[in-house]
Amino acid sequence: GAPVPLLPRTMASAAIPTWEKVYINGQWSRPSSANLFDVIDSNTGKVCARVPAAGVADVDKAVAAAREAFVSWAEKSLDERKAVLQKVLETWQGKKAQAAEWLCKELGCTATFAKTVQVNMVDFHLGTSLKLVDMVKFEEKMAFGSLVVREPIGVVGCITPWNYPLNQIAAKVFPAMLVGCTIVLKPSEVTPVCAYLLAEAVHEAGVPPGVFNMLMGDGPNCGEAVAAHPGVDMVSFTGSTRAGRRISEVGAQTLKVVRTELGGKSAALLLEDADLPKLVPKFMQTLMNNSGQSCNALSRMLVPKTRYDEAVELAKKVAEKTVVSFAQDEKASIGPLSSQAQWEKVQGYIQTGIKEGARLVTGGSGKPDGLSDGFFVKPTVFADVDNKMTIAQEEIFGPVLSIIPYTTEEEAVRIANDTVYGLNNAVGSASPEKAVAVARKLRSGMVMINDTSVMPDAPFGGYKQSGNAREWGLMGLEEYLVTKTLAGKP
Ligand code: NAD
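All values reported here derive from a predicted model rather than from experimental measurement.

Asker: Would you take a moment to explain the overall build of the protein chain for this structure?
Answerer: The helix and strand tally for the protein chain stands at 16 helices and 21 strands. The C-alpha atoms of the protein chain give 23 Å as radius of gyration, which agrees with the globular expectation for 490 residues (23 Å, within 12%). By principal-axis analysis of the C-alpha atoms, the protein chain measures approximately 70 × 65 × 45 Å. Taking all contacts inside the protein chain whose residues are at least 6 apart in sequence as the whole, residues at least 24 apart take part in 70%.

Here it is, written out as structure tokens:
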């Protein structure tokens, strides 16, 4: 029959759905504090849901449950764990439509993007992990006789952001659970509802109590308590470089493993022979998608002076063809930004760009006509950007492109690498060999060659201040293992 709704949905005030509970030890329970957070509909600026603000006492309970569950979960056979997670993949299918609807509100991405990309990221990560986990070498006999065993690291604290909220949760919790770890998840308080729906799918699939626990709360209280907890063996964090630094500091007190996936300021490096009419729109798509709120967005475009005007004109056209509208509007190419704070941040950068002397080609500050309530921004292109400018150095996290001219290939590589970040870059060239040669000189964890697709079986992660984690694929499973040597000749 139809699944019984397990979420504690109450109507605390008139029509505002409220999730009052957190998920600990296989049960929905009230957190220690009765405080609630407002969840804002990005399209209207109005409250659309409320969720709890869990704190230190709740983190203690969740960690205790995860520790308790760890031994028996880790001792289960891989096939048993696979069977449980296969069930999660099935129960998730029944939640997707609802999750997509909520993402249109709490995140503000378009309905199409929510349905075709965001909610499918769970299938993408869970499905791939289920396939690849058989390739993990859990033990290896060494030539001189020792046995090297790789074991689950223990309790993993997962702290995740709002921009691809399901993607980031799924990329952590399912690989970690598959290899035998137990989880305390603290999702973003900006996009909590989709996380509740995923937790509901986990619960309905019959994951044993304590293996997966989910708290809801803010960063400085709830998130830091997870990072600081001596019962947490590892923290896997995705979010801003600022919070990543803080979590690393807090985690260092207990010397736990802290893995980070942080911000970026990625460059699309177009070589002299690149097919601009094809590649300018393609590379700009990574920036426009999700209203510019992607960590791997190609937010700088490096163009040879010989082809500069052509590239600027093409970029202008792409920005002007990008339809900004309500998430549920079928004509929308992009929706609003996620929050008022994000909107103000992006406005500030657009004004700084103008002040520092970049040339505004299209877009600019303010809201597009007829979209005055939600957090809407105009797709914006700046040309004549110097890489030293603020808009070329800092992560804007909005649909704002900086076009930077260059003369020689060496100069282009130097500009691309002249950033504290190192998450992603792209190279465009008619010669794939040449593109790969340039890609090897770029200091980033990923480089897209004449294309923007990312594959689930290849590692995703950054260099420098973009973090030290490698998620996705086989490496994304191995992140959660620790190595033990049985010395001698066992
Ligand atoms: P954020 O750092 O503000 O928040 C991320 C998470 O950390 C949230 O759950 C938040 O509550 C928590 N948090 C915040 N401060 C904390 C603290 N002091 N202690 C513990 N937890 C804390 O980031 P955001 O605004 O949600 O997300 C946007 C950022 O994430 C961007 O910088 C983006 O580039 C980055 N990001 C990186 C990747 C990647 O894979 N490298 C992917 C997506 C997003």
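Asker: Honestly, the sheet that holds strand 8 (residues 147-152) in this entry has me stumped. Any pointers?
Answerer: Paired through backbone hydrogen bonds, the strands of a sheet run either parallel or antiparallel to each other. Taking strand neighbours across the sheet as the criterion, the 3 strands line up as 7-8-21 in an open arrangement whose pairing is antiparallel. Bordering the open sheet on either side are strand 7 (139-141) and strand 21 (481-486), each of which pairs with just one other strand. Sheet twist, expressed as the average angle between the axes of neighbouring strands with direction ignored, equals 20°. Where strand 7 lies against strand 8, 3 bridges are found, and the strand directions are antiparallel. Among the inter-strand pairings, K141 is bridged to a residue of strand 8, identified as L147.

Asker: I keep staring at the site of the ligand and nothing clicks. Help me out?
Answerer: The ligand sits among 33 residues. The nearest are P161, G219, G223, G239 and C295. Among the secondary structure elements, those contributing two or more residues to the shell around the ligand are helix 8 (219-228) and helix 9 (241-252). Looking at the shell around the ligand element by element, the count peaks at 5 residues for helix 8. For the shell around the ligand, the class distribution of residues is 12 nonpolar, 14 polar and 7 charged.

Asker: Got a minute to help me understand the sheet that holds strand 17 (residues 380-383) in this structure?
Answerer: Read across the open sheet, the 7 strands follow the order 16-17-18-15-14-19-20; overall the sheet is mixed. Only two strands of the sheet have a single partner each, and these edge strands are strand 16 (359-362) and strand 20 (446-449). Averaged over all pairs of adjacent strands, the angle between strand axes in this sheet comes to 25°, irrespective of strand direction. This element, helix 10 (residues 276-288), spans strand 14 (266-270), strand 15 (298-304), strand 18 (400-406) and strand 19 (424-428) of the sheet and lies at about 155° to strand 15.

Asker: Whenever I open this one, the packing of helix 2 (residues 78-93) against helix 6 (residues 165-178) confuses me. Can you help?
Answerer: Pairs of packed helices are described in terms of their axes, by the angle between the two and the distance that separates them. Following both chains from N to C, one finds helix 2 and helix 6 inclined at 150°, their axes separated by 9 Å at the closest point. Viewed along their axes, helix 2 and helix 6 adopt a mutual orientation that is roughly antiparallel. Between helix 2, through R81, K82 and L85, and helix 6, the contact on the second element is made entirely by F174, M177 and L178. Here the residues of the contact of helix 2 with helix 6 sort into 4 nonpolar, no polar and 2 charged.

Asker: I would appreciate a short explanation of the packing of helix 10 against helix 11 (residues 308-321) in the present structure.
Answerer: Close contact between helix 10 and helix 11 brings their axes to 9 Å; oriented N to C, the two are set at 50°. As far as their axial angle goes, helix 11 and helix 10 are oblique. Where helix 10 crosses over helix 11, the handedness of that crossing is right-handed. Together, L276, P277, V280, P281 and M284 of helix 10 and E310, A311, L314, A315 and V318 of helix 11 make up the contact between the two elements. Here the residues of the contact of helix 10 with helix 11 are counted per class, giving 9 nonpolar, no polar and 1 charged.

Asker: What's the story with the UniProt feature "domain: Aldehyde dehydrogenase" (unreviewed entry) in the protein chain in this structure? I'm lost.
Answerer: Taking the UniProt record as the reference, the feature "domain: Aldehyde dehydrogenase" (unreviewed entry) is found at residues 28-485. Between the C-alpha atoms that bound residues 28-485 there is a distance of 40 Å. The span itself is 41% helix and 19% strand.

Asker: I would appreciate a short explanation of the pairing of strand 6 (residues 47-52) in the present structure.
Answerer: Relative to strand 6, strand 5 (residues 36-40) is paired through 5 bridges, and the arrangement is antiparallel. Residue pairing across strands places F37 opposite V51, the latter belonging to strand 6. Counting the residues that bridge the hairpin from strand 5 to strand 6 gives 6 residues, and of these G45 lies at a positive phi of roughly 75°.

Asker: What is the right way to look at unusual backbone geometry in this model?
Answerer: Among all residues except glycine, the phi angle is most often negative; among peptide bonds, the trans geometry is most common. We note that N290 has phi near 60°; this positive angle belongs to a residue other than glycine. Position of N290 relative to the elements: it lies in the loop between helix 10 and strand 15. Overall, the presence of 25 C-beta atoms within 10 Å leaves N290 in the buried class. Not every positive phi belongs to a glycine, and D384 is a case in point at roughly 50°.

Asker: Help me understand helix 11, please; the structure alone is not making it clear to me.
Answerer: Think of an α-helix as turning once every 3.6 residues; residues three or four places apart then point the same way. Taking 1.5 Å as the rise per residue, helix 11 with 14 residues should run 20 Å; its terminal C-alpha atoms sit 20 Å apart, in good agreement. Tucked inside the fold, the buried residues of helix 11 contact strand 14, helix 10, strand 15, strand 16, strand 17 and strand 18.

Asker: I'm lost on the confidence of the model for the protein chain in this one. Help?
Answerer: Fine structural detail should not be taken from predicted coordinates in areas where pLDDT scores are low. Chain-level statistics for the protein chain give a pLDDT mean of 96 and a share of 97% at 70 or above. Listed scores for the predicted complex are pTM 0.96 and ipTM 0.96.

Asker: Explain the nonpolar core here, please?
Answerer: Soluble globular proteins tend to pack their nonpolar side chains together in the buried interior. Residues I183, L198, L269, M301, L302, A315 and I403 are the most contacted members of the largest nonpolar core, which totals 151 residues. When neighbours within four sequence positions are excluded, L269 is seen to be in contact with L302, A412, A416, N425, A426, V427 and V438.

Asker: I would appreciate a short explanation of helix 14 (residues 409-417) in the present structure.
Answerer: Buried within helix 14 we find A412, V413, I415 and A416. Taken around the axis of helix 14, the buried residues stretch over an arc of 160°, which confines them to a single face.

Asker: Would you take a moment to explain the pairing of strand 9 (residues 155-159) for this structure?
Answerer: Of all 5 residues in strand 9, 5 are buried, a share of seventy percent or more. Sheet topology note: the strand 9/strand 10 (residues 182-186) ladder contains 5 bridges and is parallel. When the sheet's bridge partners are listed, I159 is paired in strand 10 with K186. Note that the unit made of strand 9, helix 6 and strand 10 has a crossover that is right-handed. Inspection of the sheet shows strand 9 paired to strand 12 (residues 234-238) by 4 bridges, in the parallel sense. Directly across from G157, in strand 12, lies its bridge partner V235.

Thresholds applied
- Just so you know, the residues in each chain are numbered from 1, in the order the chain's sequence is written.
- Restriction of local features to residues with pLDDT of at least 70 applies here, the model being predicted, together with a cutoff of 80 or more for giving and counting side-chain atom pairs; totals for whole chains, interfaces and linings are based on all residues.
- To qualify as a helix, a DSSP run of H or I must reach at least 4 residues; to qualify as a strand, a run of E must reach at least 2; elements of each kind are numbered from the N terminus.
- The globule rule used here is 2.2 Å times the number of residues to the 0.38 power, and the radius of gyration it is set against is calculated over C-alpha atoms.
- By definition, residues are in contact whenever their C-beta atoms, placed on the basis of the backbone, come within 7 Å of each other.
- If DSSP finds at least two bridges between two strands, the strands pair.
- Only the stretch in contact is used when fitting a helix axis, every axis being a line fitted to C-alpha atoms; angles between N-to-C directions are given from 0 to 180 degrees.
- A residue counts as near a molecule or strand when its C-beta atom, positioned from the backbone, falls within 6 Å of it.
- Side-chain classes are defined by residue name, with Ala, Val, Leu, Ile, Met, Phe, Trp, Tyr, Cys and Pro counting as nonpolar, Asp, Glu, Lys and Arg as charged, and the others, Gly among them, as polar.
- Any angle from 65 to 115 degrees is called roughly perpendicular, while one under 35 is roughly parallel, one over 145 is roughly antiparallel, and all others are oblique.
- Crossings are sorted by hand: turned counterclockwise from the far helix by less than a right angle, the near helix makes the crossing left-handed, and turned clockwise it makes it right-handed.
- UniProt positions are given in the numbering used here, feature names are shortened, and annotations may be inferred rather than shown by experiment.
- Every C-beta atom is placed from the backbone, and the number of other C-beta atoms within 10 Å of a residue's own sets its class: buried at 20 or more, exposed at 12 or fewer, partly exposed in between.
- Multiplying 1.5 Å by the helix residue count minus one yields the expected span of that helix.
- Think of pLDDT as the predictor's per-residue confidence, scored from 0 to 100.
- To define a nonpolar core, we join buried Ala, Val, Leu, Ile, Met, Phe, Trp, Tyr and Cys residues through C-beta atoms within 7 Å and take the resulting set.
- When we speak of the arc, we mean the arc of directions from the helix axis to the C-beta atoms.
- Handedness of a crossover is defined as follows: orient the strands so they point away from the viewer, and if the path from the first strand over the helix to the second runs clockwise, the crossover is right-handed.

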